[in-house]
Number of protein chains: 2
Amino acid sequence: MNDTAQKITVEKAQTSKIDQVDFDNLSFGSVFTDHMLVCDYKNGAWETPKIIPYQPITLEPSSKIFHYGQSIFEGMKAYKDAAGDTWLFRPFDNHKRFNISAKRMSIPEIPEEYFIEGLKTLLRLEKDWIPQSEGSSLYIRPFMFASGKGFHASPADEYKFMICLAPSGAYFSGKVKVLIEQTYSRSANGGVGYAKAGGNYAGQFYPTQLAVKKGYNQVIWTDDNTHEYIEEAGAMNIFVRIKDTLITGPTSDRILDGITRKSIIEIAKDEGIPVEVRKITVTEVVDAAKNGSLKEMFGAGTAAVVSPIAAFGYNDTDYDLPELPNSYARRMKERIIDIQYNKAEDIFGWRHKV
Amino acid sequence: MNDTAQKITVEKAQTSKIDQVDFDNLSFGSVFTDHMLVCDYKNGAWETPKIIPYQPITLEPSSKIFHYGQSIFEGMKAYKDAAGDTWLFRPFDNHKRFNISAKRMSIPEIPEEYFIEGLKTLLRLEKDWIPQSEGSSLYIRPFMFASGKGFHASPADEYKFMICLAPSGAYFSGKVKVLIEQTYSRSANGGVGYAKAGGNYAGQFYPTQLAVKKGYNQVIWTDDNTHEYIEEAGAMNIFVRIKDTLITGPTSDRILDGITRKSIIEIAKDEGIPVEVRKITVTEVVDAAKNGSLKEMFGAGTAAVVSPIAAFGYNDTDYDLPELPNSYARRMKERIIDIQYNKAEDIFGWRHKV
């Protein structure tokens, strides 16, 4: 236990809700554990994090979170192995990206030890909440928002950093059908698309609902200028397999630097799969679908890990992607999950013991 | 009093804070009146609005406002005339735009009578809070956000609509110096720039802070693709006067349909000022500044009304705009304020009695 971990105060909940939870039928992110971490930024500095019973947040109506969308978050998971040990997957990358998001949204950066040691202290307390059933996991939600007051459209002077935990089932249930978007956009050049900023998600809801009405689960975003380049799927980065080559778009100021995405690139390289990080045009994907060289498409993200795409829609036509017996999607998912759950060797050094 | 107004319940504050307020030294949006309006969306419907004492909001940590930026707002003002009557300026336009923003952010639309009658009931109760000193006003902040729970990135099932009031001084103090932005962007084609969505504002803070460090007050946003077209200033629409013609950019899915902006267009037409609504290039403005045909630039918005721009920066060069004796900016501001405060005839039908 280091200095920071020693300083973190823990106020325990008087009773636990754990007996009320049906761990065999978990939805995604709708049940929360007994405790949470809270850390306040006041007078120009972060105070020491505290762990307290899970409880409501009380804020002034003029708190800037309600008005100016100054908020960011991360998505992570905790895994329990057969021996009962708890693991995180590349948590320092989440912390790093959290601060990249913070900087872009003019939110003060959170020190690494507050984020990592705070999370580990919370996880040790809540270890019984980590599901061990197949497909379930303990979803971790670090988030940070403007609690400071005032209607002036400028950065707040007070912030809250929090971590909540939610034992969760699968993010998607069933096959994922996506629509390649031709009207709406997720992000601008020089905008905030690379940040995990709250507003990036709300802006996707309406176009996604339109797609859902047409029978799709998610939208694949394209660039806002030509709608010709495939970007990401909002909650996932996108991979395309043409013949035997795995392709994903480069990260940019419009595309989130996904941790599952970069893990897949490294695993593919390790397994000798040809992998290209380059711009992908919609035309190229449609042509490949037509001539049969498009073998797979899948999404990659913390919540869904790897999510095979069963079909995509474009220009009012649906293109089916039949399931392959030995798909890259399944190979990648198994390899990542085996590392996450300490079932396989971790040559990359991604696993981190809690 | 109509049916809705009769249904609105009012719980009065036991004591008033009004004696603690220095009405001669008000900053912008940092002091709040004794009451606020709250209206909850639950089980697929808006409940009847309530007026209650101004008080903190209590929310679950998983409320979607903290995670996915599902929030919108409006900015309005209440004006008191010499006879003590209270007036609003084009309030139905604010309501209409509020619902346009709501739709884009997948937030249920609020009925007109809840917005208008709710606001009027609140204003009648708080009429003593409306400042009558020059340059001060009662700023009105209607806002709406996702209070529903859960970490799934999808629209919430519960929302809160609220109105708070803040007696306020000037938004800008002193001359406004702006920077024409060449790197960062405010909005995307097909994005949410036309909505008064929270995230649109937080995304501007970092580039604005960079501009402030260089000595500017605000950024003038340009299109994200070429940075060659002038769009808006984030909290204001932009007008340019070249020779005697007043020019402003057209509204689009990237630019807010400002109520002060459209009022100025109508006033200019009424006064016989040549006015053009068309795309403005940065090159055109810089050239006009160089050859002396650029007479004025000003911002237009509810908070600042009309804000004359004293200088703009572009490509590391500052272009000064000396104050004109009979500027359009002053003419427009006086004409609008005279209508707002019931000092002049309102041929447009913009004034609305509370």
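Residues numbered from 1 in each chain as written. Chains lettered and ligands numbered in written order. Predicted model: local features only at pLDDT ≥ 70, side-chain atom pairs only at ≥ 80, totals over all residues. Heavy atoms only, no water.

Undergrad: Please explain the interface of chain B and chain A as it appears in this structure.
TA: Many analyses report the size of an interface as the accessible area lost when the parts associate. Tallying the contact residues gives 59 residues for chain B and 59 residues for chain A. Overall, the association of chain B and chain A removes approximately 5,200 Å² of surface from exposure, summing both partners, and the carbon and sulfur fraction of that is 62%. When the buried area of chain B at its contact with chain A is split by residue, F66, F151 and F205 of chain B rank highest and sum to 15% of it. If you look at where chain B meets chain A, you find zero salt bridges. Summed over the shared surface of chain B and chain A, the result is 26 residue pairs in polar contact (both at pLDDT 80 or more). Considering every element that reaches the side of chain B that touches chain A, the biggest residue donor is helix α5 (residues 198–213) of chain B, with nine residues. Its residues assigned to classes, the side of chain B that touches chain A shows 31 nonpolar, 23 polar and five charged. (Contact = heavy atoms within 4.5 Å. Buried area = accessible area lost by both parts, 1.4 Å probe. Salt bridge = Lys/Arg side-chain N within 4 Å of Asp/Glu carboxyl O. Polar contact = N/O pair within 3.5 Å; in protein donor to acceptor, adjacent residues only side chain to side chain. Helix = DSSP H or I, 4+ residues; strand = E, 2+ residues; numbered from the N terminus. Nonpolar A, V, L, I, M, F, W, Y, C, P; charged D, E, K, R; others polar.)

Undergrad: Help me understand the pairing of strand β7 (residues 76–80) of chain A, please; the structure alone is not making it clear to me.
TA: Consecutive side chains of a regular strand alternate in pointing toward one face of the sheet and then the other. Residue and element names in this part refer to chain A. Most of β7 is tucked away: five of the five residues are buried. Every second residue of β7 is oriented toward a common face, with M76, A78 and K80 on one face and K77 and Y79 on the other, all of them buried. Taken together, the three bridges between β7 and strand β8 (residues 86–89) define a ladder with antiparallel strand orientation. Each residue of the ladder has a partner; that of K80, found in β8, is T86. (Buried < 20%, exposed > 50% of the residue type's maximum accessible area, 1.4 Å probe, protein only. Pairing = 2+ DSSP bridges.)

Undergrad: Looking at this structure, how should I read the packing of aromatic side chains?
TA: To describe a pair of aromatic rings, you give the distance between the ring centres and the angle between the ring planes. Counted under the stated rule, the structure contains 46 aromatic pairs over all chains. Measuring from ring centre to ring centre gives 6.1 Å for F143 of chain A and F145 of chain A, while their planes differ by 20°; the resulting arrangement is stacked. Across this residue pair, the class does not change: F143 of chain A and F145 of chain A are buried. Site record: aromatic cluster; members linked through ring pairs are F28, F32, Y54 and Y139 of chain A together with F151 of chain B. Here the basic side chain of R351 of chain A rests over the ring of W87 of chain A, its NZ or CZ set 5.3 Å away from the ring centre. (Phe/Tyr/Trp six-rings, centres within 6.5 Å; stacked < 30°, edge-to-face > 60°. Lys NZ or Arg CZ within 6 Å of the ring centre and 35° of its normal.)

Undergrad: What am I meant to see in the UniProt feature "modified residue: N6-(pyridoxal phosphate)lysine" (unreviewed entry) in chain A here?
TA: All names here are of chain A. UniProt records the feature "modified residue: N6-(pyridoxal phosphate)lysine" (unreviewed entry) at K196, using the numbering of this structure. As for its placement among the helices and strands, K196 is situated in the loop between β11 (176–180) and α5 (198–213). Judged by its relative accessible area of 12%, K196 falls in the buried class. Contact partners of K196, with chain neighbours within four places excluded, come to S71, I72, F73, E74, G75, R97, S101, Y201 and L256. (UniProt positions renumbered as here; feature names shortened; annotations may be inferred.)

Undergrad: Which parts of the structure should I look at to understand the environment of E134 of chain A?
TA: All names here are of chain A. Take E134: it is sitting in the loop between α4 (112–125) and β9 (137–146). For E134, a relative accessible area of 75% translates into the label exposed. The spatial distance from the C-alpha of E134 to the C-alpha of V306 is 15 Å, given a sequence separation of 172 residues.

Undergrad: Hey, could you run me through the relation of the copies chain B and chain A in this one?
TA: Superposition of the two copies of the chain requires a rotation about an axis and a shift along the axis. The operation relating chain B to chain A is a screw motion whose rotation component is 180°, with 0.0 Å of axial translation and a residual RMSD of 0.0 Å. Such a combination of rotation and displacement between the chain copies is what one expects of a two-fold axis. Comparing interface residues between copies, 100% of those in chain B also sit at the interface in chain A, which points to an isologous, same-surface contact. (Least-squares fit on C-alpha atoms with pLDDT ≥ 70 in both.)

Undergrad: What is the right way to look at the packing of helix α3 (residues 91–104) of chain A against α4 of chain A in this model?
TA: Angle between the axes and distance between the axes are the two parameters that describe a pair of packed helices. Residue and element names in this part refer to chain A. For the pair α3 and α4, the least separation of the axes is 10 Å and the interaxial angle reads 135°. Viewed along their axes, α3 and α4 adopt a mutual orientation that is oblique. Helix-helix and strand crossings are classified by hand; for α3 and α4 the assignment is right-handed. Only E112, F115 and I116 of α4 make contact with α3, whose side of the interface consists of P91, F92, N94, H95 and F98. Class assignment for the residues of the contact of α3 with α4 results in five nonpolar, two polar and one charged. (Axes fitted to C-alpha atoms, helices over the stretch in contact; angles between N-to-C directions. Parallel < 35°, antiparallel > 145°, perpendicular 65-115°, else oblique. Left-handed = near helix turned anticlockwise from the far one by under 90°.)

Undergrad: Honestly, the environment of Y54 of chain A in this entry has me stumped. Any pointers?
TA: With respect to the element layout, Y54 of chain A can be found in the loop between β4 (50–53) and β5 (57–59). The class of Y54 of chain A is buried, set by a relative accessible area of 15%. Sequence separation between Y54 of chain A and T33 of chain A is 21 residues, and the spatial gap between their C-alpha atoms is 7.1 Å. Of note is the side chain of Y54 of chain A, whose polar atom sits 3.2 Å from the side chain of E60 of chain B.

Undergrad: Is there a simple way to explain the nonpolar core in this structure?
TA: Considering soluble globular proteins, one finds that nonpolar side chains tend to be buried as a cluster. Among the nonpolar cores identified, the biggest contains 96 residues, and M297 and F312 of chain A together with M297 and F312 of chain B are the most heavily contacted of them. With residues up to four places along the chain from it excluded, the contact list for F312 of chain A reads V178, I180, V285, V286, A289, L294, M297, T317, D318, Y319 and L321 of chain A. In terms of nonpolar packing, the next biggest core, distinct from the first, is built from 39 residues, V21, L37, M105 and F161 of chain A among them. (Core = buried A, V, L, I, M, F, W, Y, C linked by side-chain atoms within 4.5 Å.)

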